[in-house]
Amino acid sequence: MKTSDTNLYLASDVREGEKEVASRLNLEMYELMTRAGQAAFDVLLSEYPEAKSLLVVCGGGNNGGDGYVVAKLAKRLCLNVELWQLGDSSALKGDAATARDEWLEEGGEIGTPQKCFAQEHDLIVDALLGTGLSGEVREEYATLIEILNNAEKPVISIDVPSGLCADTGVELGPVVYAEHTVSFIALKRGLFTGKAANYVGEVHYATLDLGDEFSEVVESTCHLLTKTEAYDHLIPRTRVAHKGSNGRVLCLGGDRGMFGAIRLASEACTRVGAGLTRVVTQLENVPALVSACPEVMTYDWRGNSNEINDHLHWADVIAIGPGLGTSSWGRSLVGYSRTAEKPMVVDADGLNILTKTPDFNAQRIITPHPGEAARLLGTSIAEIEQDRYSAAKMMQRKYGGVVVLKGAGTVIYDGTEFWVCNAGNPGMAAGGMGDVLTGVIAGLLGQGLSLSVAARVGVWLHSKSADLCADEYGEKGMFASDLFPYIRKLVNKRH
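Residues numbered from 1 in each chain as written. Predicted model: local features only at pLDDT ≥ 70, side-chain atom pairs only at ≥ 80, totals over all residues. Heavy atoms only, no water.

Quick look at the nonpolar core
Part 1: Leu444 and Leu461 are the most contacted members of the largest nonpolar core, which totals 54 residues.
Part 2: Those elements that place two or more of their residues in this core are α7 (227–233), β10 (248–252), α8 (259–271), β13 (317–320), β16 (402–405), α16 (433–446), α17 (451–473) and α18 (484–491).
Part 3: Here Leu461 is in contact with Leu234, Val272, Val440, Leu444, Leu490 and Val491, once residues within four sequence places are set aside.
Part 4: Counting residues in hydrophobic clusters, the runner-up holds 52 residues, among them Tyr199, Leu250, Leu333 and Phe418. (Core = buried A, V, L, I, M, F, W, Y, C linked by side-chain atoms within 4.5 Å. Buried < 20%, exposed > 50% of the residue type's maximum accessible area, 1.4 Å probe, protein only. Helix = DSSP H or I, 4+ residues; strand = E, 2+ residues; numbered from the N terminus. Contact = heavy atoms within 4.5 Å.)

So, in structure tokens, the structure goes:
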């Protein structure tokens, strides 16, 4: 995708926007359907140039009409095309009916779904359910989706894999497993978060020659994170930089038996470029921390208020939560940190304590995973995952600042706009990854980035580092600390 193609939209906004743009440009809606079918067919030819036989599966709406256009184009190129229509093809209306008629005029036939393929096909075009799907997949569609998935053939999905919500990425029943998804006019939010990564494969963006006009008509408040945006904010240091000019970050955490979490967070902070990093932890952790990372200044704290206030006064930024625990020691640190009125990142047990004693703080970034988010909102993980965008917005309204809702397709919300990260991989499903993210974001805050920018750049660096690590060594067995060399490389790259 081009870097400018990073705006994400709700499906309803796209439907309304395309009508307005077509009217402005004096375009018939059927012209857009033919362009959509051509775009999907172009992907087919590009990705599967050796394909000789395909199955096109059509539903009852305009998504099915797009499928008829693909079938017509394939037949004209002398490919072997079998087309299935779910439901009565004579009931099709409007542009979908026109596309059906042109397919028939081309000599095509309309078949009905079969449990077994009548013949072998090289690939499948999924034109069953489009972006209008909102409720549960009906039984006849669910059965057909299962048949397609069991066929174990490569699939190209038109606009969205059938069964997936285009707005939230939630499964609305069985979902087609696509190798490629072709999104028309504008990219949809649901293709990049939630369960979408299981189904969409590679996403292709086809503007249908409406891109510039559409962006003028419909404003986007949701965007994909990109390398370009990250590097716009990772400016080189001046030749006279010194450690005091790159931020002083205080990391609070590491109760008894939880040394590893605060070690990861503090080292991540230094690796992303913070000038000075200080840790306040339990006494028993000090020797191990000093040995593991002598560059981090390490102090124990036994409850003295003057000592912790001195640390808080010293800091430009606070990171609290990794290994913090929920004992009186950890709760006291949270209480003192709330008096500092400085930018902070809160994760892990810092969030669990926040759940018990909630407050609103405009200078705070919280980084919950779905389980922590559920506790922060007093709901279930299932409810959080049902609409990750709404969950992030509700947390921001309740707790303030910036929310980073972690998981596949991490969602960031700063009170005005959303950002979504489509970098990262399943290798990150390992202990300590969240601690590293906390340190990365805190280190960027220390270097002068705003809360919103630090959250966005930090999430992208963290996820991209994991991708580089997986490219070199594979996903399984990835340690959180494996990311450090890649983080350092990324923050030092140039455009």
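Comments concerning the packing of aromatic side chains
Part 1: This model, assessed by the stated rule, comprises seven aromatic pairs.
Part 2: The interplanar angle of 80° and the centroid separation of 5.0 Å between the aromatic rings of Tyr9 and Phe214 together place this pair among those described as edge-to-face. With Tyr9 in strand β1 (residues 7–9) and Phe214 in helix α6 (residues 211–217), this pair connects stretches of sequence that are 205 residues apart.
Part 3: Take Tyr9: its relative accessible area is 4%, and that puts it in the buried class.
Part 4: On the numbers, 5.7 Å between centres and 80° between planes, the contact of Tyr231 with Trp460 is edge-to-face. Taken together, the residues Tyr231 in helix α7 and Trp460 in helix α17 connect sequence positions 229 residues apart. Comparing Tyr231 with Trp460, the two get one shared label, buried.
Part 5: For the cation-ring pair, Arg278 lies above Trp314, with the distance from its terminal atom to the ring centre recorded as 4.0 Å.
Part 6: Its guanidinium or amino end placed over the ring of Trp419, Arg456 lies 4.0 Å from that ring's centre, counting from NZ or CZ. (Phe/Tyr/Trp six-rings, centres within 6.5 Å; stacked < 30°, edge-to-face > 60°. Lys NZ or Arg CZ within 6 Å of the ring centre and 35° of its normal.)

Regarding the packing of α17 against α18
Part 1: With their axes 8 Å apart at the nearest point, α17 and α18 run at an angle of 120° to one another. Comparing their axes, α18 and α17 come out oblique. The chirality of how α17 crosses α18 is right-handed. Residue-level inspection shows Trp460, Leu461, Lys464, Ser465, Leu468, Cys469, Glu472 and Tyr473 of α17 in contact with α18, the latter providing Tyr486, Ile487, Leu490 and Val491.
Part 2: Of the residues in the contact of α17 with α18, the class split is nine nonpolar, one polar and two charged. (Axes fitted to C-alpha atoms, helices over the stretch in contact; angles between N-to-C directions. Parallel < 35°, antiparallel > 145°, perpendicular 65-115°, else oblique. Left-handed = near helix turned anticlockwise from the far one by under 90°. Nonpolar A, V, L, I, M, F, W, Y, C, P; charged D, E, K, R; others polar.)

Comments concerning the pattern of salt bridges
Part 1: Inspection of every chain in the model, using the stated rule, returns 19 salt bridges.
Part 2: Put simply, Arg271 and Glu267 hold a salt bridge, and the shortest N to O gap is 3.8 Å. Residue Arg271 and its partner Glu267 are located together in helix α8, separated by four residues, close to a single helical turn.
Part 3: On the basis of relative accessible area, Arg271 is assigned to the partly exposed category, the value being 36%. (Salt bridge = Lys/Arg side-chain N within 4 Å of Asp/Glu carboxyl O.)

Some remarks on the pairing of strand β3 (residues 80–85)
Part 1: Here β3 lies mainly inside the structure; five of its six residues are buried.
Part 2: Here six bridges tie strand β2 (residues 53–58) to β3, and the two strands are oriented parallel to one another. Residue pairing across strands places Val57 opposite Trp84, the latter belonging to β3.
Part 3: One crossover worth recording links β2 to the parallel β3 by way of helix α3 (residues 62–76), and it is right-handed. (Pairing = 2+ DSSP bridges. Right-handed = clockwise from strand over helix to strand, strands pointing away.)

Looking at the side chain of Ser162
Part 1: Here Ser162 is to be found in the loop between β5 (155–158) and β6 (180–184).
Part 2: Polar side-chain contacts of Ser162 include one of 2.6 Å to the side chain of Asp126.
Part 3: The residues contacting Ser162, other than those within four sequence positions of it, are Asp126, Leu128, Leu129, Ile145, Ser157, Pro174, Val175 and Val176. (Polar contact = N/O pair within 3.5 Å; in protein donor to acceptor, adjacent residues only side chain to side chain.)

Considerations on helix α13 (residues 370–377)
Part 1: Burial within α13 is extensive, with six of its eight residues counted as buried.
Part 2: On its buried face, α13 sits against α12 (349–356), β15 (364–366), α14 (381–386), α15 (388–399) and β16.
Part 3: Of the residues trailing α13, Gly378 is marked for its positive phi of about 65°.

Structural notes on α8
Part 1: With 13 residues, α8 ought to run about 18 Å at 1.5 Å a step, and its terminal C-alpha atoms sit 18 Å apart, in line with that.
Part 2: Along α8, the residues that are buried comprise Ala261, Ile262, Leu264, Ala265, Ser266, Glu267, Ala268 and Cys269.
Part 3: Buried positions along α8 lie against β10, β11 (276–281), α9 (286–292), α16 and α18.
Part 4: Looking at the residues trailing α8, positive phi occurs at Gly273, about 115°. (Expected span 1.5 Å × (residues − 1).)

Side note on the pairing of strand β4 (residues 123–127)
Part 1: Within β4, five of the five residues are buried, leaving the element largely enclosed by the surrounding structure.
Part 2: The side-chain alternation of β4 yields two buried faces, one formed by Leu123, Val125 and Ala127 and the other by Ile124 and Asp126.
Part 3: Relative to β4, β2 runs parallel, the two sharing five bridges. In the strand pairing of β4, Val56 is matched with Val125.
Part 4: Where the polypeptide runs from β4 across helix α5 (residues 139–150) and back to β5, its parallel neighbour, the crossover connection is right-handed.

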